[in-house]
Amino acid sequence: MATYREVQTAVRVEKLRLWFAWATGNFIMLAIALATQNIHIVSVITQVLLVAVFGALTFALMRMSNALNRKAEAARKDVLGEA
């Protein structure tokens, strides 16, 4: 059985990975939008996609982060012997 410290470290590392993936995904989409800003119809499409991708990535990040928080809370309760 994993100790509370191991679970906390794993949660912290996973959250760092999630934030890095979120920032990278948004940066890539922003770079694509900036690269196509002079092509009018493609620019509009990429701007709409930028907003959609940002929303989807943020929603996924929050869901995954909340799941990790619940896992850490369950491990804390297990270690402290709370019900």
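Refer to the structure presented above.
Just so it is clear, the model here is predicted, and its values are computed rather than measured.

Participant: Give me the lowdown on helix α2 (residues 40-80), citing residues and values where you can.
Facilitator: Note that an α-helix has 3.6 residues per turn; residues three or four places apart therefore point the same way. Between its first and last C-alpha, α2 extends 59 Å over 41 residues, near the 60 Å set by a 1.5 Å rise per residue. Those residues of α2 that are buried are in contact with α1 (4-35). Residue Gly81 follows α2 closely and has a positive phi angle near 75°.

Participant: Which residues make up the packing of aromatic side chains, and what are the values?
Facilitator: Evaluated as defined, the whole model comprises two aromatic pairs. Pairing Trp19 with Trp22 gives two aromatic rings, centres 5.4 Å apart and planes at 80°, and the pair type is edge-to-face. Separated by three residues within a single helix, Trp19 and Trp22 lie in helix α1, roughly one turn from each other. Summarising the aromatic geometry, the rings of Trp22 and Phe54 are spaced 5.9 Å apart at their centres and angled 55° between planes, so their arrangement reads as tilted. Linking Trp22 in helix α1 with Phe54 in helix α2, this pair joins segments that are 32 residues apart in sequence. When its relative accessible area of 22% is taken as the criterion, Trp22 is described as partly exposed. With a relative accessible area of 42%, Phe54 lands in the partly exposed category. Each member of the aromatic cluster is reached from another via a ring pair, and the members are Trp19, Trp22 and Phe54.

Parameters and conventions
- Residues numbered from 1 in each chain as written.
- Predicted model: local features only at pLDDT ≥ 70, side-chain atom pairs only at ≥ 80, totals over all residues.
- Heavy atoms only, no water.
- Helix = DSSP H or I, 4+ residues; strand = E, 2+ residues; numbered from the N terminus.
- Expected span 1.5 Å × (residues − 1).
- Contact = heavy atoms within 4.5 Å.
- Phe/Tyr/Trp six-rings, centres within 6.5 Å; stacked < 30°, edge-to-face > 60°.
- Buried < 20%, exposed > 50% of the residue type's maximum accessible area, 1.4 Å probe, protein only.

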